[in-house]
Amino acid sequence: HVTNPIDLLTTREREVLQLIAEGKTNKDIATLLNLSVYTVEAHRGRLMEKLNLHSTGDLVRFAIRNGLIS
C-alpha cells in the first residue's frame, strides 16, 4: 500500500512533472530531456492517470503540494 502518491511515479515521471509545474511546454521538456514530444505527452498522460488528475493545473498544484517545486 502506497501512502504517498508521489511514490507511484518513476524518476522520469517526476522529472517531467517538475518541468510541467515550472511552466515548460511539452516541446521544451522534450528538448531538455532529449525525448520526443510524443514521449513527453505519454508521460503526461500516465502522470494524470496514476495521480487521478485531469488538467495541467491539477498537475502543477500536486507538484507544489508535494514539494517538487518551491
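No experiment lies behind these values; they were computed from the predicted model shown.

For Arg44, the location among the structural elements is in helix H3 (residues 37-51). Summary of buried charges: Arg44 has no salt-bridge partner, and the nearest side chain of opposite charge, Glu41, is 7.4 Å away.

Judged by nonpolar contacts, the single largest core of 20 residues is most densely connected at Val16, Leu17, Ile29, Leu47, Leu51 and Leu59. Listing elements by their share of this core, those giving two or more residues are helix H1 (11-21), helix H2 (26-33), H3 and helix H4 (56-65). Here this core takes five residues from H1, the largest share from any one element. Here Ile29 is in contact with Val16, Leu19, Ile20, Lys24 and Val40, once residues within four sequence places are set aside.

Right, let's talk about the pattern of salt bridges for a bit. Throughout the structure, instances matching the rule amount to four salt bridges. The partner of Arg46 in a salt bridge is Glu13, and the shortest N-O contact between them spans 3.5 Å. Of this pair, Arg46 sits in helix H3 while Glu13 sits in helix H1, and the two are 33 residues apart along the sequence. Glu13 sits in the buried class, given a relative accessible area of 2%. Shared partners join several salt bridges into a network, and the residues in it are Glu13, Arg46 and Lys50.

What counts, and at which threshold
Residues numbered from 1 in each chain as written. Predicted model: local features only at pLDDT ≥ 70, side-chain atom pairs only at ≥ 80, totals over all residues. Heavy atoms only, no water. Helix = DSSP H or I, 4+ residues; strand = E, 2+ residues; numbered from the N terminus. Buried < 20%, exposed > 50% of the residue type's maximum accessible area, 1.4 Å probe, protein only. Lys, Arg positive; Asp, Glu negative; His and termini not counted. Salt bridge = Lys/Arg side-chain N within 4 Å of Asp/Glu carboxyl O. Core = buried A, V, L, I, M, F, W, Y, C linked by side-chain atoms within 4.5 Å. Contact = heavy atoms within 4.5 Å.

Shape is all these values report; function is a separate question.
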